[in-house]
Structure formats: C-alpha cells, structure tokens
Amino acid sequence: MARHGGTGRLAARWPVVLLRETDSTNQRALEWDGGPVIIVAERQTAGRGRLGRSWHGRPGEGLAFSCIVPHDLMPPLPELGRLSLVAGLAVAEAIDTVGGTRCAIKWPNDVLLHGRKVAGVLVESVVRGGEVRVVIGVGINVANRDFPPALGGRATSILLATGKEVDPALLLATVAACLAHWLERLRHEGFLGGIRDAWRARDAVLGKELVWLRPDGSTVKGRAEGIAGDGRLLVRDGRGRLHAVLSGDVRLAAASG
Ligand code: BTN
C-alpha cells in the first residue's frame, strides 16, 4: 500500500478546522477568509454532491471535509480539469491504505468498494481577489451500517465492506497525504503517464456496458473504452461512434449503479 507522509504532513500542509455543524464544508472553504485549510464537519445540514445532488451523512458515521488547494499544489491551468480525477485517485488510495482494501473508481471520481459507492468528491472553485480558489470536498462513508432505501443498494461504507472500524482522524490524515502526493505529481508531471496509469488501474467501468446520462437528460448506451489523455471518458455507442464524455454521469447498464 502506498504511504505518502503522515499526520505531520497534514499539519504542515493544511491546518485543520473542526466544525460541529455547518451547511456544507465546501461552502465554508470557498468563503474561508484565510490561507489553505482543511475544514471538517461532524454534521452538514446542506452537504452537496455532484450534479446538484445532496450528500447526506449521520454524525459519527462518515467523514466530510473540504480542503483549499494551496498555491504550490495548484496544477497548471490546462490540467485543472483533471484535478477532480486525481482527487478521486487520492481518496481511493487513502481508503486502501487505512482499510486494507482495493477501491475502484467510477468516472469521474466515485470511489467504489465491491461495486458500491464508498466515497464521493466534489471540486468547486471561486475567484477571490482576482485569484482562483479551488476546493476539494470529500465525503467518505466510514462506519455506516445502513443507507436510505432511495440509494437503491448502491452505497456502502468501509465498515460494511471490510468489517473494519477505521480511525477517522487517521483516514483524514492519509487522504491529505495522498492528495498532496498526487497533486504534486499532477503539477510536475501532468496527467499523462503515471497518473493516468494509476487511474486506469482502478477504472470500474472499463470494457463494460454503460449508460451515459447527459446533462440535458438524454442518454447514450455504449461500452466504456477508458479515459482519454484529457481525462474524458471514452464511450463507444451501438453504432460504433466514439463519444468523449466530459460531463454528466455514467451508470453500469446491467446493475444501473
Ligand atoms: C458526490 O459523490 O456527488 C460528491 C459528494 C461530495 C460530498 C462532500 S462531503 C464534504 C464536502 N462538502 C460538501 O458539501 N460536499 C463535499
């Protein structure tokens, strides 16, 4: 398992602010009046997910936090779009390290254990004082024993999938160390090469039949052919046309998950 630093590095990179309750740690980080920080919340009242969805978690069950990307870890502008893929990779690796597991990633950054979602990543940005601030929000199901029926059996937790009770503080420190590691690599090497290979090795949909839910509500059925050099997901439809998917969501056709 990869190890990139430890709790000391977390403290060096990001001071941690713990909130008992807030609307959304991403919102707090976007509005944060200071330097790079990790904001953790025991409870979010308006946690948000990708594509305008909500992110729920009962206190004590999950880990919800957001970090402001420091300047020296910001990727060059052309690589900014790949940041959310790299964040998913870092979270998957951290869960593996702490939980002794092997996570997959469903494009763009849903982290899966045994085919079910164990963590999600939401990257948001804002321009403040003429500078771009990028925030990486991470929600990890740590100790949940059940999930709302509305999730249709598509979610799991580290506890459910592995039987292990992991220490949330250790998990947070490990995610931070992995994030620092992969963001440094993205900045210096770019997405192609080692990072894309590491992402591909975890690709949950490669070669599988899936449905691409486009942002306009229409759908495309096809077979996943992996990610392109620019991070887009390649999907070949039934007529042989290749689509490079930049936005929207994908679901496995068989499991609709
Ligand atoms: C997704 O899978 O749709 C992304 C979920 C991201 C949830 C996290 S929880 C911490 C941070 N604050 C938020 O409001 N959202 C992210």
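You'll find the structure just up there.
Residues numbered from 1 in each chain as written. Predicted model: local features only at pLDDT ≥ 70, side-chain atom pairs only at ≥ 80, totals over all residues. Heavy atoms only, no water.

(A) Inspection of unusual backbone geometry at higher detail. Across the junction of W107 and P108, the peptide omega takes the value 5 degrees, indicating a cis bond. Mapped onto the elements of the fold, P108 is located in the loop between β4 (104-106) and β5 (110-113). In this structure, L51 takes a positive phi of about 55 degrees despite not being glycine. Within the element layout of this structure, L51 appears in the loop between β2 (38-44) and β3 (62-68). (Helix = DSSP H or I, 4+ residues; strand = E, 2+ residues; numbered from the N terminus.)

(B) Focus on the sheet that holds strand β11 (residues 242-245). One open sheet holds the five strands; their spatial order is β11-β10-β9-β8-β12, and the pairing between them is antiparallel. Bordering the open sheet on either side are β11 and β12 (249-252), each of which pairs with just one other strand. The sheet shows a mean angle of 45 degrees between the axes of neighbouring strands, taken without regard to direction. Bridge analysis of strand β10 (residues 233-237) against β11 gives four bridges, and the strand direction is antiparallel. Bridge pairing links R236 to L242 in β11. (Pairing = 2+ DSSP bridges. Axes fitted to C-alpha atoms, helices over the stretch in contact; angles between N-to-C directions.)

(C) Region of the structure containing the packing of helix α3 (residues 83-99) against helix α5 (residues 168-189). Contact geometry of α3 with α5 gives a least axis separation of 8 Å together with a crossing angle of 140 degrees. Taken as axis vectors, α3 and α5 run oblique relative to one another. Considering only the axes of α3 and α5, their crossing is right-handed. Contacts between α3 and α5 pair L83, V86, A87, L89, A90, V91, E93, A94, I95, T97 and V98 from the former with L170, L171, T174, V175, C178, L179, W182, L183 and L186 from the latter. When its residues are assigned to classes, the contact of α3 with α5 shows 17 nonpolar, two polar and one charged. (Parallel < 35°, antiparallel > 145°, perpendicular 65-115°, else oblique. Left-handed = near helix turned anticlockwise from the far one by under 90°. Contact = heavy atoms within 4.5 Å. Nonpolar A, V, L, I, M, F, W, Y, C, P; charged D, E, K, R; others polar.)

(D) Here's a closer look at α5. Compared with an ideal rise of 1.5 Å per residue, which puts 22 residues at 32 Å, α5 spans 31 Å between its outermost C-alpha atoms and is within 8% of the ideal. Where α5 begins, one side-chain oxygen reaches toward the backbone nitrogen of A169, 3.0 Å away; that side chain belongs to D167. (Expected span 1.5 Å × (residues − 1). Polar contact = N/O pair within 3.5 Å; in protein donor to acceptor, adjacent residues only side chain to side chain.)

(E) Representation of empty space enclosed by the protein. Applying the stated rule across the entire model yields one cavity of 30 Å³ or more. When its volume is computed, the largest cavity comes out at roughly 130 Å³. W55, G57, R58, G62 and A64 are, among the 15 residues lining the largest cavity, the residues nearest its centre. When contributions to the lining of the largest cavity are tallied by element, the ones reaching two or more residues are β2, β3 and β7 (131-141). The greatest single-element share of the lining of the largest cavity, amounting to four residues, is contributed by β2. (1 Å grid on protein atoms, 1.4 Å probe; cavity = no way out; pocket = protein on both sides within 12 Å on 5 of 7 lines; lining within 4 Å. Points joined across faces, edges and corners; volume = space filled by probe spheres on them.)

(F) Highlighting the environment of L85. Summarising the element assignment, L85 is placed in helix α3. Once the C-alpha coordinates of L85 and G193 are considered, the two residues, 108 residues apart in sequence, prove to be 14 Å apart. Setting aside residues up to four positions removed in sequence, L85 forms contacts with W107, P108, F191, W199 and G231.

(G) View of the nonpolar core. Within the largest apolar cluster, 59 residues are counted, with the highest numbers of intra-cluster contacts made by V91, I95, I136, I140, L171 and L233. The element best represented in this core is α3, accounting for 11 residues. Not counting residues up to four positions away in its chain, the partners in contact with I140 are W55, G62, L63, V91, I95, V118, A119, I158, L171 and V175. (Core = buried A, V, L, I, M, F, W, Y, C linked by side-chain atoms within 4.5 Å. Buried < 20%, exposed > 50% of the residue type's maximum accessible area, 1.4 Å probe, protein only.)

(H) Up close: the pattern of salt bridges. Here the structure, examined in full by the defined rule, presents 22 salt bridges. In this structure, the salt-bridge partner of R48 is E124, at a minimum N-O distance of 3.1 Å. Taken together, the residues R48 in the loop between β2 and β3 and E124 in strand β6 (residues 116-128) connect sequence positions 76 residues apart. By relative accessible area, R48 is classed as partly exposed at 28%. (Salt bridge = Lys/Arg side-chain N within 4 Å of Asp/Glu carboxyl O.)

(I) Layout of the site of the ligand. Inspection of the region around the ligand gives 20 residues, with S24, Q44, R48, R50 and K117 positioned closest. Here a nitrogen atom of the ligand sits 2.7 Å away from a polar atom, N or O, in the main chain of R48. Contact between the ligand and K117: an oxygen atom at 2.5 Å from a side-chain N or O atom of the residue. If you list the elements that add at least two residues to the shell around the ligand, you get α2 (25-31), β3, β6 and β7. Sorting elements by how many residues they give to the shell around the ligand places β6 first, with four residues. (Near = heavy atom within 4 Å.)

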